[in-house]
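One letter stands for each residue in the lines below.
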Amino acid sequence: MSNHKNISKKAGLPPGSLIYIGKQKQGKTKITLTDYDKHQFTIEECQHISDTFSYKNKHSVSWINIDGLHDTDMIFQIGNHFELHPLVLEDILNTKHRPKVEDFGHYLFLSVKMLSIHPTKKSITIEQVSFVLGKHWLITFQERQGDTFDIIRKRLADNTGKMRQLKEDYLFYRLLDTIVDHYFFIIEYFSEATEKLEEKILSYPDDKTLYDIQLLKKNLVQFRKSVVPLRELITSVQKDAPHFITENTNRYLHDVYEHIIHINESIEIQKDLLSSLMDLYMTGISNKMNQVMQVLTIIATIFIPLSFIAGVYGMNFDHMPELHWKYGYHAVWILMLGILITMLVYFKRKKWL
Amino acid sequence: MSNHKNISKKAGLPPGSLIYIGKQKQGKTKITLTDYDKHQFTIEECQHISDTFSYKNKHSVSWINIDGLHDTDMIFQIGNHFELHPLVLEDILNTKHRPKVEDFGHYLFLSVKMLSIHPTKKSITIEQVSFVLGKHWLITFQERQGDTFDIIRKRLADNTGKMRQLKEDYLFYRLLDTIVDHYFFIIEYFSEATEKLEEKILSYPDDKTLYDIQLLKKNLVQFRKSVVPLRELITSVQKDAPHFITENTNRYLHDVYEHIIHINESIEIQKDLLSSLMDLYMTGISNKMNQVMQVLTIIATIFIPLSFIAGVYGMNFDHMPELHWKYGYHAVWILMLGILITMLVYFKRKKWL
Amino acid sequence: MSNHKNISKKAGLPPGSLIYIGKQKQGKTKITLTDYDKHQFTIEECQHISDTFSYKNKHSVSWINIDGLHDTDMIFQIGNHFELHPLVLEDILNTKHRPKVEDFGHYLFLSVKMLSIHPTKKSITIEQVSFVLGKHWLITFQERQGDTFDIIRKRLADNTGKMRQLKEDYLFYRLLDTIVDHYFFIIEYFSEATEKLEEKILSYPDDKTLYDIQLLKKNLVQFRKSVVPLRELITSVQKDAPHFITENTNRYLHDVYEHIIHINESIEIQKDLLSSLMDLYMTGISNKMNQVMQVLTIIATIFIPLSFIAGVYGMNFDHMPELHWKYGYHAVWILMLGILITMLVYFKRKKWL
Amino acid sequence: MSNHKNISKKAGLPPGSLIYIGKQKQGKTKITLTDYDKHQFTIEECQHISDTFSYKNKHSVSWINIDGLHDTDMIFQIGNHFELHPLVLEDILNTKHRPKVEDFGHYLFLSVKMLSIHPTKKSITIEQVSFVLGKHWLITFQERQGDTFDIIRKRLADNTGKMRQLKEDYLFYRLLDTIVDHYFFIIEYFSEATEKLEEKILSYPDDKTLYDIQLLKKNLVQFRKSVVPLRELITSVQKDAPHFITENTNRYLHDVYEHIIHINESIEIQKDLLSSLMDLYMTGISNKMNQVMQVLTIIATIFIPLSFIAGVYGMNFDHMPELHWKYGYHAVWILMLGILITMLVYFKRKKWL
Amino acid sequence: MSNHKNISKKAGLPPGSLIYIGKQKQGKTKITLTDYDKHQFTIEECQHISDTFSYKNKHSVSWINIDGLHDTDMIFQIGNHFELHPLVLEDILNTKHRPKVEDFGHYLFLSVKMLSIHPTKKSITIEQVSFVLGKHWLITFQERQGDTFDIIRKRLADNTGKMRQLKEDYLFYRLLDTIVDHYFFIIEYFSEATEKLEEKILSYPDDKTLYDIQLLKKNLVQFRKSVVPLRELITSVQKDAPHFITENTNRYLHDVYEHIIHINESIEIQKDLLSSLMDLYMTGISNKMNQVMQVLTIIATIFIPLSFIAGVYGMNFDHMPELHWKYGYHAVWILMLGILITMLVYFKRKKWL
């Protein structure tokens, strides 16, 4: 929720000011260069960004992956060498903005959100991944080192499937597809969390439950914000950029598009379910109060009249004939039992017992 | 709700990976081949999928129906012989995705959901049915063996109506129409269930009712998810695929389209009704609590003052002249009866009695 | 609400199966033939449908009105003679579907709902009216005999206005206009019913009120379902069918279109009002409970402390000096009156009295 | 709310039937003729409508204003002379319909609602104003005599501004603008009324408040209904009628359009505010009940245990040693004070005091 | 909320009447002239508006900034010299209207809202900023003197970045961007305020909280009203005005556009959060009342039966054998302790303790 704090730091600065918005990190940025075509495959970790520059004009597919964005100087050098617009560099670093696509003629820029669930704490982390897709090269920027793309590198290394035969646009699709596939995990997480909450509300709701619903709702809002713009984005990639994406890859992108729609629908359903959980919770509380009230009413309604009778015969008048009857005391007990039984029958009929 | 668990299994795999998402089933897949034209009609159950391959280029209408999707190897062979795109095969097997249509030039792919209600348990099962419509042939894929399409086969065998005169596009329409017609049963089920719940809420709501509303709501969401995309789908079939669908069949498809709109409207109405049931339920609970409160108030308001009076004359002061009057005790009873009657009149006027 | 039961009867049947969905009725179907031009006017009740067939090619305006749809054989004969598409015949008989328009080249098909309020029971009945508009002829189908169109026949007979000078498209407009004008009665009914309910809720809401709101809501949903599609329908008639509708009649149709919009807006307003009635009702119940609680609280808060004091001086301790004071009893009364007055002042200040 | 009663009177009548829907009024209709160009300015009250007929073909701008619509005969004469379509005459008289625009080739018809607040009673009255804009002439119809347009007549008479230099389209714009400007008064009224209600709800809500919210809501619905169609109307005037409206006046009309949007937005905001007032009211009631409950709980929770103790020592057992202790009575008082203090501390900690 | 009061002052006045709507201010209007090109940079505070007139036709970029709008005479002179349309002057002064853009051929008019938060009082002030963008000149109008644009002047003076190389359209973009960037501060303020309120509601809600939610809601509505129209506005600037905005600046404007979308999304999220805060608050109150009820029920349910027993043995019957048993008193205490323990166990099981 405190995302905006960092963005507002930049107010008034000229566009293209290279300031990394996000948790400032130290240590070295990891640069991984993967280069392949039908015949060969190389992967290496570069020490300096300039090591990758020669790959710009090679005819093989060159994929430069940058992990870590705090080295704004390096980003600037990449921008210089690959002739990127200042606004692109700004968008790569400004990791709090919404997903975005823009066609710059000789390259295509796309930024999306990668979401992952912390395995134990069950909290969601959002990371921005930016793609710059040129002719024969693809640069990807990640905020953190992670293993999401390792499966792709392994497939390239093993040369399984037809990936090495295809171009950088197919690699771009595969990376994007991997990110979108991860969204299904998030949906799953929400789906399970909602079901658990529902069970809890239907059995025994407490104050913590309310807090949990609210938290889940806020997380879902974050998720939604990351996913909703993708629909329009992929349509835009498909329509406006035929010179980056081949006909063949386009069909695959359409598949990603349908996944996005599926995920969007699931998010809307989760949102509705959460709203109805809130209703369920409020009804549960009302039911509980009703139960409390019934217990109070039953006890009070039975004993208040009985106490009154006892009170009557505790009065100290000189002339109270009942007090002197031999079976007065027993008669009073019979009267009180009669009232008790009448009450119980009444409550039984009202289904309060 | 746990649909996504299976989909997320696939994250990171290349597109077109043939993994059957759904309950893994054993036993043989049933292959039914129906072949007909104006002059002849054959129906046979094939032992092996390759028995059907020769029908691909025949000029009669050949309908291959596959019941059961766990034999991914067979699906792969069909894909190979009929030159289907890897993504189509993936979509046939991935039975958790939303309904979908895609035109691949020499064939049209469409997947929809078939819904049925379990006759005794009154639960809804959702099954995916995929159609691949080519020139002179139609392949349909179902998850389970079922009798939904038997009525069509019978009509073909009996040669009633003009079905045998017409082409594979009309068969395709008839199968689709049969599936859509079944949705009316589901609407009926919801309509009846909602009415029963409403009656129950207006007579005597309990905790179980809340659970039932919530369950019905979730089932309706599932139904909606299956039906809503069809509107767009059929429009898409009509517009983009004139070479698969004749002018004549198109008019019939328009009829299916209007059924879909009718069903969609009915779903929205059911959704509204379920929401207002929730409101009714909450109001019912409030009414009940109100009733409980009134009983408590009437009893307490009458007897607390009376008990106070009895308490006063139970005090042990030496000098309490009333205690020694001859008719003191009777006077107190008259006072108490007076208060009682006043109270009852007051409650009557307040319409609490 | 049980509309769908009848529709689902048809699942699996071929399109164009002539089954009358609706309450099966016996007795003769009434066929009224009206034929007119500038110079003449004939009206007659036909014994057999074939009596009307010769009018198909006459240049005067021929209006065939069919009251009662259970004679499917007759419908089939009409379809045959006037060359109607099987789906049109199906739509005429399937009276539970939504309003619909379709242009078949040599005729235009339109089905709408006619609503009427039962004068005493104040319930709404919905009846389907279908129009088939050809060149020089118009066929109308009604479910029941009714007097709605009598006013038009009278105007034709009296030759008031310019109706006899104009063609079948103007007749078609006048009949449609009559149906739409009747919707204003329905709006009026809802408007009055809502106002009555509001008054009742603001004066004294009871359980019956809740039931009435729910009933009105469901009736409004039915009304809405019948009217909403008309907007699109009339636009469609105006746009797609210039060869059925003259420029002059088109302007009148536009007037009908604006009536439909007016009615739609009124329905939305009624819907909002009914929702806010539900809110009012719930608030009314809360207010009532509040009032009950206040009475209870006032009584209990005043007498519980007083009873305590009485209880204290009812204790049997040997050494209780107050009991033996000469004015002890009077002092206690003064104390209790003091507490009573303090309480009353407090409640006055809290505005509970 | 009872608007529809009058409209439904007309059901079945032919279009163009001249029936004045509205409160039937007696007395003479006021006809004001204003005629001007750069050089001259005349204003006169005509005795008979035929006095204005000669102005139809004059090249100066002729503005005929009719106050009062019950003289349907006169309306018919105007229609005849100025060649107005029967539907236009019907729309002028049918003052309950929604705002409307229609281009009839040689004239433009526009009807809008003029709203005013009764200065003392603070109720809103809605009046229909119809414009018929021809070449060199403008006819306006009002339901009642009013002073709304006097400011325009005064400006024309004084010849301030450039109004006399411009044509009838500018006069039309100025009159329309005057009506729209009055809507701001209505918004102001709602805004103030809402604020007053909010203050009342936050200080001390009562039953009257609920009624006031409901009334304001219904008035806002009426206002909304009058204003919403104007957006589309003015766009339609601008687009379809370039031969009535000059380029210059069009820019001014755009200004009116933006006022309408502003007013629409304000209405939506008022609607939201009224909804949240309802929520506030319900929360206020809950808060109040909570407060009532707390008082009851505090009193009951303190005195019920104390009364119990007093009750124990009021028992008449022969062997109750405490009764005979010298300081028994004092000990009981100390015990009771101890309980009292404990309770008070508990309530303090719970923040109930 | 009382915005409309000022607007309605103008009802009936001719368009272009120069009346400053806003808080009438005294003192001198501040005129700042900034003139620059690649080679030079001048900034000066002008005494009289006519000092700036010579800059209209200079080829360098001339930026005239006016702080304070109460000197309508001066506005009139600017309008005269720069040939502005009367409606533009009216819009500059009418600071209560919604943001607006209009292309007048030789200049472009745009008005937006600048929002700022008072550093200590934490209230939002809204100020209108109007831009008139011509060829080689830009005039900006502000309601108050402020330091928002100082950062731009400093950058121009320091000649950092490429600003001095570019034209007036880039300056226009930079000023607009600065205003939009400030919106992020407002979002941040709302985000923080909402979070604080949420914490308070989850810990201890009181009456003040309700008032705070309502206030925040109303402020958000104001904010939304200022921002929502910008989306359409910037699209309109980009599309319709290619002769004012170069291709290069257009890309930057697209960036502003995306910021606006981001802010709009954030506003919607805040709106949702505020609604759910209201729900949380109501649930919190229900929970609290539930707690109060439970305490009351526990105390009453335990002590009412005990008091009854004490009352029974306080009766004065002559024949009550229990009273004369030696251990009667102890037996009663044991009975009462038994009841107490039973009750406590029951409440424990019900989880009320």
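Residues numbered from 1 in each chain as written. Chains lettered and ligands numbered in written order. Predicted model: local features only at pLDDT ≥ 70, side-chain atom pairs only at ≥ 80, totals over all residues.

On a plain count of helices and strands, chain A comes out with nine helices and seven strands. Against the 2.2 N^0.38 benchmark of 20 Å for 353 residues, chain A shows a C-alpha radius of gyration of 34 Å, more extended than a compact globule. Dimensions along the principal axes, computed over C-alpha positions, put chain A at roughly 120 × 45 × 30 Å. For chain A, the proportion of its 353 residues judged to be buried stands at 40%. Nonlocal contacts in chain A, meaning residues at least 24 apart in sequence, comprise 70% of its contacts between residues at least 6 apart. (Helix = DSSP H or I, 4+ residues; strand = E, 2+ residues; numbered from the N terminus. Rg over C-alpha atoms; globule rule 2.2 N^0.38 Å. Buried ≥ 20, exposed ≤ 12 C-beta atoms within 10 Å, placed from the backbone. Contact = placed C-beta atoms within 7 Å.)

Once that is clear, we can look at the domain arrangement of chain A. For chain A, the assigned domains read domain 1 (3–283) and domain 2 (288–349). For domain 1 of chain A and domain 2 of chain A, the distance between their C-alpha centroids amounts to 73 Å. (Domains from an automatic or database assignment.)

For the rest of this paragraph, the subject is the relation of the copies chain C and chain B. The two chain copies are related to each other by a rotation about an axis together with a translation along it. Superposition record for chain C on chain B: RMSD 0.1 Å, screw rotation 72°, translation along axis 0.0 Å. The operation mapping one copy onto its partner corresponds to a five-fold rotation axis. For chain C, the minimum C-alpha distance to the rotation axis belongs to Gly314 of chain C and amounts to 4.8 Å. Each copy contacts the other with its own distinct surface, as only 16% of the interface residues of chain C are interface residues in chain B too. (Least-squares fit on C-alpha atoms with pLDDT ≥ 70 in both.)

Take the sheet that holds strand β3 (residues 61–67) of chain B next. Residues and elements named next belong to chain B. Strands sit in the order β2-β1-β3-β7-β6-β5-β4 across an open sheet of seven strands; the sheet is mixed. Of all the strands in the sheet, just β2 (41–46) and β4 (100–103) have a single pairing partner and so form its edges. Within the sheet, the average angular offset between the axes of one strand and its neighbour, ignoring direction, is 15°. Looking at chain direction, strand β1 (residues 30–36) and β3 are connected through seven bridges and run antiparallel. For Asp35, the partnering residue across the bridge sits in β3 and is Ser62. Contacting β1 and β2, helix α4 (residues 150–158) crosses the sheet at an angle of about 140° to β2. Those strands touched by helix α5 (residues 168–203) are β3, β5 (108–117), β6 (124–133) and β7 (137–142), and its axis lies near 30° from that of β5. (Pairing = 2+ DSSP bridges. Axes fitted to C-alpha atoms, helices over the stretch in contact; angles between N-to-C directions.)

It is worth spelling out the interface of chain C and chain B at this point. With 49 residues of chain C at the interface, the matching set in chain B holds 51 residues. The element that contributes the greatest number of residues to the side of chain C that touches chain B is helix α7 (residues 247–312) of chain C, accounting for 18 residues. A per-class count over the side of chain C that touches chain B returns 28 nonpolar, twelve polar and nine charged. (Nonpolar A, V, L, I, M, F, W, Y, C, P; charged D, E, K, R; others polar.)

Within the secondary structure, Thr283 of chain E sits in helix α7 (residues 247–312). Thr283 of chain E sits in the buried class, given 20 other C-beta atoms within 10 Å. As a C-alpha pair, Thr283 of chain E and Ile31 of chain E span 252 residues in sequence and 55 Å in three-dimensional space. When sequence neighbours within four positions are dropped, the list of residues in contact with Thr283 of chain E reads Leu210, Tyr281, Met282 and Ile285 of chain A.

Moving on, we come to the packing of helix α5 (residues 168–203) of chain D against helix α7 (residues 247–312) of chain D. All names here are of chain D. α7 packs onto α5 with a crossing angle of 15° between their chain directions and a minimal axis gap of 10 Å. One element, α5, and the other, α7, form an angle in the roughly parallel class. The element α5 and its partner α7 pack so that their crossing is left-handed. Here the residues of the contact of α5 with α7 sort into 19 nonpolar, seven polar and three charged. (Parallel < 35°, antiparallel > 145°, perpendicular 65-115°, else oblique. Left-handed = near helix turned anticlockwise from the far one by under 90°.)

What follows is about the sheet that holds strand β2 (residues 41–46) of chain A. Residue and element names in this part refer to chain A. The sheet built from seven strands is open, its strands ordered β2-β1-β3-β7-β6-β5-β4 with mixed pairing. The open sheet has two free edges, formed respectively by β2 and β4 (100–103), since each of these has just one partner strand. Across the sheet, the axes of successive neighbouring strands diverge by a mean angle of 15°, strand direction being ignored. With six bridges joining them, strand β3 (residues 61–67) and strand β7 (residues 137–142) adopt parallel strand pairing. Its bridge partner being in β7, Asn65 is matched across the sheet by Thr140.

On to the confidence of the model for chain A. Residues and elements named next belong to chain A. Mean pLDDT over chain A stands at 87; residues scoring 70 or higher make up 93%. Element-level pLDDT for chain A is lowest in helix α1 (residues 3–8), with a mean of 48, against a maximum mean of 94 in β7. Scored below 50 in pLDDT, residues 1–6 makes eleven contacts in the model with residues more than four places away or belonging to other chains. If you check the scores for this complex, the pTM reads 0.83 and the ipTM reads 0.78. (pLDDT = per-residue confidence, 0-100.)

The subject of this paragraph is the pairing of β2 of chain B. Residue and element names in this part refer to chain B. In terms of burial, β2 is a largely surface element, zero of the six residues being buried. Where β1 and β2 come together, six bridges link them in antiparallel fashion. Bridged to Thr34 within β2 is Ile43. Here β1 folds back onto β2 in antiparallel fashion, the turn holding four residues.

Residues and elements named next belong to chain E. The first and last C-alpha atoms of helix α9 (residues 328–349) sit 32 Å apart over 22 residues, in line with the 32 Å expected at 1.5 Å per residue. Along α9, the residues that are buried comprise Gly328, Tyr329 and Val332. For α9, the buried positions fall inside an angular range of 105° around the axis, keeping them on one side. In α9, the exposed residues that point more than 90 degrees away from the buried face are Ile334, Leu337, Gly338, Ile341, Thr342, Val345, Lys348 and Arg349. Of the surrounding secondary structure, the elements contacted by the buried residues of α9 are α7 and α8 (321–324). (Expected span 1.5 Å × (residues − 1). Arc of directions from axis to C-beta.)

Residue and element names in this part refer to chain A. Within β7, five of the six residues are buried, which leaves it mostly tucked inside the rest of the structure. Here five bridges tie strand β6 (residues 124–133) to β7, and the two strands are oriented antiparallel to one another. Following the sheet pairing, Phe131 is matched in β7 by Thr140. The hairpin formed by β6 and β7 contains three residues between the paired strands, and His136 there has a positive phi angle of roughly 75°.

The next subject is unusual backbone geometry. We note that Glu83 of chain C has phi near 55°; this positive angle belongs to a residue other than glycine. As for its placement among the helices and strands, Glu83 of chain C is situated in the loop between α2 (72–81) and α3 (86–93). Judged by the 11 C-beta atoms lying within 10 Å of it, Glu83 of chain C is exposed. At His136 of chain E, a position not held by glycine, the phi torsion is positive, near 75°.

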